[in-house]
Amino acid sequence: QVQLVESGGGLVQAGGSLRLSCAASGNTGRIHIMGWYRQAPGKQRELVANIYSGGYTNYADSVKGRFTISRDGAKNTVYLQMNSLIPEDTAVYYCNVRLLSSVQVWGQGTQVTVSS
């Protein structure tokens, strides 16, 4: 199995930046896709960005040009650099890993709050 530990959330003013990290441990050799989802109060969980083992990246339209996802294979860690944050980015951010078997593993979530 794979375990995930997230870090990096917090409170920031609009226009500011945060970087989220998610470190995977356990059977990391089976990881195919690493990514981030978010869920705001009263809304469904949505994909923010993900990155495939080959390096392909995918972003939600709402974060394109502001957020950057990256992956350190040696450390089994995925990062989400968030710049030009806006209040609408406020949500709980969840790390997500999809294994080669299509099983998904979720992190515990980290709160990101952007004040206006």
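Presented here is an overview of the structure given in this document. (Residues numbered from 1 in each chain as written. Predicted model: local features only at pLDDT ≥ 70, side-chain atom pairs only at ≥ 80, totals over all residues. Heavy atoms only, no water.)

**Digging into the state of the cysteines**
Inclusion rule: Counting rule for disulfides: a pair of cysteine sulfur atoms within 2.5 Å. The helix and strand labels rest on DSSP assignments: H or I over at least four residues marks a helix, E over at least two residues marks a strand, and numbering proceeds from the N terminus. Partly exposed residues are those whose accessible area sits between 20% and 50% of the maximum for their type, while under 20% is buried and over 50% is exposed, using a 1.4 Å probe and protein chains only.
Under the counting rule described, the total for this entry stands at one disulfide. Sulfur-sulfur distance for the disulfide between Cys22 and Cys95 comes to 2.1 Å. Looking down the S-S bond of the Cys22 and Cys95 bridge, the torsion is -85°, so its handedness is left-handed. Separated by 73 residues along the polypeptide, Cys22 in strand β3 (residues 18–26) and Cys95 in strand β9 (residues 91–99) bring together distant segments of the chain. Each member of the pair, Cys22 as well as Cys95, is classed as buried.

**Focus: the nonpolar core**
Our working definition: In this description, a nonpolar core means a group of buried Ala, Val, Leu, Ile, Met, Phe, Trp, Tyr and Cys residues linked to one another through side-chain atoms lying within 4.5 Å.
The biggest cluster of nonpolar side chains holds 31 residues, and the ones touching the most others in it are Trp36, Leu80, Met82 and Tyr93. Elements supplying a minimum of two residues to this core: β1 (2–7), β3, β4 (31–39), β5 (46–52), β7 (67–72), β8 (77–82), β9 and β11 (110–115). Ranked by residues supplied to this core, first place goes to β9 with five residues.

**Some words on the packing of aromatic side chains**
Here is the rule: Each Phe, Tyr or Trp ring (for Trp, its six-membered ring) is paired with any other whose centre lies within 6.5 Å, and the angle between the two planes then decides the class: stacked below 30 degrees, edge-to-face above 60, tilted in between. To sit over a ring, a charge needs its Lys NZ or Arg CZ within 6 Å of the ring centre and within 35 degrees of the ring normal.
Scanning the entire structure with this criterion turns up three aromatic pairs. Summarising the aromatic geometry, the rings of Tyr37 and Trp106 are spaced 5.0 Å apart at their centres and angled 65° between planes, so their arrangement reads as edge-to-face. With Tyr37 in strand β4 and Trp106 in strand β10 (residues 104–106), this pair connects stretches of sequence that are 69 residues apart. Take Trp106: its relative accessible area is 35%, and that puts it in the partly exposed class. Here the aromatic rings of Tyr94 and Trp106 are separated by 6.5 Å at their centres, their planes lie at 85°, and the arrangement is edge-to-face. Of this pair, Tyr94 sits in strand β9 while Trp106 is found in strand β10, placing the two residues 12 residues apart along the sequence. Overall, the relative accessible area of 15% leaves Tyr94 in the buried class. Chaining the aromatic ring pairs together yields one cluster made of Tyr37, Tyr94 and Trp106. Over the aromatic face of Tyr94 sits the side chain of Arg45, whose NZ or CZ is 3.7 Å from the ring centroid. Here Arg45 stacks its cationic end above the ring of Trp106, 4.6 Å away from the centre of that ring.

**As for the pairing of β11**
Put simply, the rule is: Following DSSP output, two strands are said to pair if at least two bridges run between them.
Only one face of β11 is covered, namely the face carrying Thr110, Val112 and Val114; the face carrying Gln111, Thr113 and Ser115 is uncovered. Two strands pair when backbone bridges link them, and β9 and β11 are joined in this way by three bridges, in the antiparallel orientation. Looking at the pairing, Val92 lines up with Gln111 of β11.

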